[in-house]
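Commentary on secondary and tertiary structure
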Amino acid sequence: MNHKSPPNRIEVEARALKTALQGLSKIVSRRPSLPVLGTLRVEAPNNGSGQVSLTATDLDVWFTIRIPAEIQPPQTTGDPFLVSLSRIKDIVKVARPKQVIDLAELRADDREGKSGNLQLKNFPSPPAVSSRIKPVELDEPAQENLLQAMLCSSKDETRYVLRGVYLDPENEQLAATDGRHLACFGAPYLESGALKKPVILPAHKLWSWRGLRAIGPVSETWKFRVGYPKSSTASSSKKAPVFRLDGPHWTFSGKCIEGNYPNFAQVIPSPDQFQTRLEFNPADLGAIAQAISQLPGKQIQNHPIGLRISDETVGVLYRETESDSYQEIGIPFRRKSGPDLSISINREYFLKALRFGFHRMDLGDPISPVKFSNGKQGLMIVMPLRNEVPDQVPQQVAKIRGVYPESNPPAKPTSTPPKIMNKRSGNRNGNERQQPPHPTKPRNRSASSADTPKTDPIDQASHQVTEIKEALKHALSCLGDLSTTLKMLRQQQRSTDRDMRTVRSTLRSLTKIDF
């Protein structure tokens, strides 16, 4: 039987609610422009699913997630209501994982209509997309490609059209770019649905939430639908289409981006423009990415690193600051063909390509676009940097098999670089074993000059630079202490001045008294 009265209790576990709030918090702003945008819409549908729906919006997108709930009395439905997101987050933060929370007790909307801020009617409704539209079904690889493309979209608010992923059913591909790097994937599944025109799916923080793929079976497909304005009037023809993406236990909807996407195909070089090809072992991509991510120099503009590619070695050049000299570390690779080449590239884009699984790298010259691919229907184009890569590096932190030359041990770097062999990784079953670096023996100051090895001038200079840096740090620390002391003295002086003014005022008042 279907009762019209609202449910008395909607009980959910704190563990499930906490997972849901991680995704809903991606939608709600920390400082919402309207009070109602800081709330969640709670609805307990009477469909026997034993679930409750929580919806959040920022007026551009809507996100609904469904979690298990026990509704009392059973088979009860009623009007939706609002709950404060900040309040429910505070409760979940201190709750035990299996603790039961009653959402009905947290109702925050004004049922009597005394306040116009938190009434249910003021909560924006999501755009309507008919469920009768034939959906585009996204399997696991298609989901991964979509999420990877979102990471390549622009973050610049002035480039509105580039702040999303371009879905092109005619050419069966999806792409995203920020003007400096481009990701493009084949999408033959786009023609299977009712998507007839290209659309731009907006980027959002929610796409980075791992719960999109963690909630529910991974093997389940996502269903993507696009709705277009029904009326053919001039005013409605300018309206952007709306999208709806349904996952196993969630729904993501909103407005598509209006505008013409740039012709990104013209920046993809033809195969005859590449001269050098470098291939990595797919099993080594994770280790290479981890090693490069730990290199110093992330604070330099454009995050540059140098790649020096030869038949025997592939070296990654880096430095901590622009005034420092380059250091080099070797990385493993499978094979290389074509002439030797040195190029400067943004490390963030290089890491992104490795994490996407692109193990093939095609290069033309130091100023032409670099192509990353994996032999399938996916590629990334990265524009190189115009930083000059030196032909020789005086200080090499790692050489082949990680062995340092005994006559020239490396200076102690400011940041410990990762150790990774750069021998060709094609033969992993050989008898060659990686040797540890030779430790540098401590220098005995009392020994004779004949027993003391000659010091390399570069090592001396590096040691002096390190000492100067330590002296500057100490000086800055002393200056900070002095500044703190001066501030305290100034506060004491101001307090003394106030006391003196009070005493003077009291003395003046006493002089006016007649005895």
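Heads up: these notes are all about the structure in this document. (Residues numbered from 1 in each chain as written. Predicted model: local features only at pLDDT ≥ 70, side-chain atom pairs only at ≥ 80, totals over all residues. Heavy atoms only, no water.)

What follows is about helix α1 (residues 14–24). Those residues of α1 that fall on the buried side of the exposure criterion are Ala 14, Leu 17, Ala 20, Leu 21, Gly 23 and Leu 24. Of the surrounding secondary structure, the elements contacted by the buried residues of α1 are β1 (9–13), β2 (39–43), β3 (51–57), β4 (61–68), α2 (85–94) and β7 (100–102). (Buried < 20%, exposed > 50% of the residue type's maximum accessible area, 1.4 Å probe, protein only. Helix = DSSP H or I, 4+ residues; strand = E, 2+ residues; numbered from the N terminus. Contact = heavy atoms within 4.5 Å.)

A word on the nonpolar core. By size, the foremost hydrophobic cluster in this structure holds 105 residues, and its most contacted members are Leu 17, Phe 63, Leu 103, Phe 252, Phe 350 and Phe 372. Those residues in contact with Leu 103 that sit more than four places away from it in its chain are Ile 10, Val 12, Leu 17, Val 42, Val 52, Leu 54, Phe 81, Val 83 and Ile 88. (Core = buried A, V, L, I, M, F, W, Y, C linked by side-chain atoms within 4.5 Å.)

Glancing now at the pattern of salt bridges. A full pass over the atoms with the stated rule returns 14 salt bridges. As a salt-bridge pair, Arg 41 and Glu 43 come within 3.0 Å of each other at their nearest N and O atoms. Relative accessible area serves as the criterion here: at 30%, Glu 43 is assigned to the partly exposed category. (Salt bridge = Lys/Arg side-chain N within 4 Å of Asp/Glu carboxyl O.)

With that settled, the discussion passes to helix α7 (residues 347–355). Counting buried positions over the 9 residues of α7 gives 7, a clear majority of the element. Those residues of α7 that sit buried are Arg 347, Tyr 349, Phe 350, Leu 351, Lys 352, Ala 353 and Leu 354. Capping of α7 at its N-terminal end is provided by Asn 346; its side-chain oxygen lies 2.8 Å from the backbone amide nitrogen of Glu 348. Phi turns positive one or two residues past the end of α7, at Gly 357, with a value near 90 degrees. (Polar contact = N/O pair within 3.5 Å; in protein donor to acceptor, adjacent residues only side chain to side chain.)

Another aspect to go through is a nonpolar patch on the surface. On the surface, Leu 476, Leu 479, Leu 482, Leu 486 and Leu 489 cluster together into a nonpolar patch covering about 510 Å² of accessible area. By secondary structure assignment, the location of Leu 489 is in helix α8 (residues 457–511). The partly exposed category is assigned to Leu 489, whose relative accessible area is 46%. (Patch = residues over 30% accessible without salt bridge, like charges linked within 9 Å, V, L, I, M, F, W, Y side chains within 5 Å. Areas by Shrake-Rupley, 256 points an atom, 1.4 Å probe, with all protein chains shown as cover.)

Moving on, we get to the sheet that holds strand β13 (residues 222–227). Pairing within the open sheet is antiparallel, and its 8 strands lie in the order β6-β2-β3-β4-β15-β14-β13-β8. Strand pairing shows two members of the sheet lacking a second neighbour, β6 (81–84) and β8 (136–138), which therefore form its edges. Pairs of neighbouring strands in the sheet enclose a mean axial angle of 20 degrees, with direction left out of account. The strands that α1 touches are β2, β3 and β4; relative to β4, the one it contacts most, it runs at about 175 degrees. Strands β2 and β6 of the sheet are contacted by α2, whose axis makes an angle of about 60 degrees with β6. (Pairing = 2+ DSSP bridges. Axes fitted to C-alpha atoms, helices over the stretch in contact; angles between N-to-C directions.)

Its location among the elements puts Ser 344 in strand β21 (residues 341–346). Residues contacting Ser 344, with those up to four places away along its chain left out, are Pro 304, Ile 305, Gly 306, Pro 384, Leu 385, Asn 387 and Val 389.

Attention shifts here to unusual backbone geometry. Of note, Asn 302 is a non-glycine position whose phi angle comes to about 70 degrees, a positive value. In this structure, Asn 302 sits in the loop between α6 (285–293) and β17 (304–309). Even without a glycine there, the phi angle at His 303 is positive, about 50 degrees. With respect to the helices and strands, the residue His 303 is situated in the loop between α6 and β17.

The subject of this paragraph is the sheet that holds strand β5 (residues 70–72). The strand order β5-β1-β7 describes an open sheet built from 3 strands, whose pairing is antiparallel. Each edge of the sheet is formed by a strand with only one pairing partner; in this case those strands are β5 and β7. Averaged over all neighbouring strand pairs, the angle between strand axes comes to 25 degrees, with direction disregarded. As paired elements, β1 and β5 share 3 bridges and run antiparallel to each other. When the bridges of β5 are listed, Glu 11 appears paired with Glu 70.

This paragraph deals with a positive patch on the surface. Positive charge collects at one region of the surface, where Arg 490, Arg 494, Arg 498, Arg 501, Arg 504 and Arg 508 lie side by side. Among the structural elements, Arg 498 can be located in helix α8. (Lys, Arg positive; Asp, Glu negative; His and termini not counted. Charge placed at Lys NZ, Arg CZ, Asp CG, Glu CD.)

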